[in-house]
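Examination of the molecular architecture
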Amino acid sequence: MAGGRYSYPKHVWSPSGGWWTQPTNWKANTAVAVGISATIVAAAWKYSAENEERHTRPKGWIPSQLWSKEFQDGEIYGKK
């Protein structure tokens, strides 16, 4: 009987649900976790993009030139 379930200690508690857990609402839980994570990443991205400042010209093209205000305005050396 390969891969079968085996006995486990009943007194052990696990925050993830223990052995062989398959919650019925795992899809909703995953959607909530992804939504919260995406909100945090979006807020950090927005804050970073608004406060980005370059003091010297980049040696080559960098992705932040697409959303950086100083490159869109034509000024590439940052605030003076």
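Heads up: these notes are all about the structure in this document. Everything quoted here is computed from the prediction, not taken from an experiment. (Residues numbered from 1 in each chain as written. Predicted model: local features only at pLDDT ≥ 70, side-chain atom pairs only at ≥ 80, totals over all residues. Heavy atoms only, no water.)

1. A closer look at the packing of aromatic side chains
Overall, the coordinates contain one aromatic pair when judged by the stated rule. Relative to Trp-67, the ring of Trp-45 has its centre 4.9 Å away and its plane inclined at 50 degrees; by these criteria the two rings are tilted. Of this pair, Trp-45 sits in helix 1 (residues 26-51) while Trp-67 sits in the loop between helix 1 and helix 2 (69-72), placing them 22 residues apart in sequence. Its relative accessible area of 32% is what places Trp-67 among the partly exposed residues. (Phe/Tyr/Trp six-rings, centres within 6.5 Å; stacked < 30°, edge-to-face > 60°. Helix = DSSP H or I, 4+ residues; strand = E, 2+ residues; numbered from the N terminus. Buried < 20%, exposed > 50% of the residue type's maximum accessible area, 1.4 Å probe, protein only.)

2. Some words on the pattern of salt bridges
According to the stated counting rule, one finds two salt bridges in the structure shown. In this structure, the salt-bridge partner of Lys-46 is Glu-50, at a minimum N-O distance of 2.7 Å. Separated by four residues within a single helix, Lys-46 and Glu-50 lie in helix 1, roughly one turn from each other. Taking the shortest distance from any N to any O, the salt bridge between Glu-52 and Arg-54 comes out at 3.1 Å. With relative accessibility at 25%, the residue Glu-52 sits in the partly exposed group. A residue is classified by how much of its surface remains accessible, and Arg-54, at 28% relative accessible area, is partly exposed. (Salt bridge = Lys/Arg side-chain N within 4 Å of Asp/Glu carboxyl O.)

The values are spatial; any link to function lies outside them.
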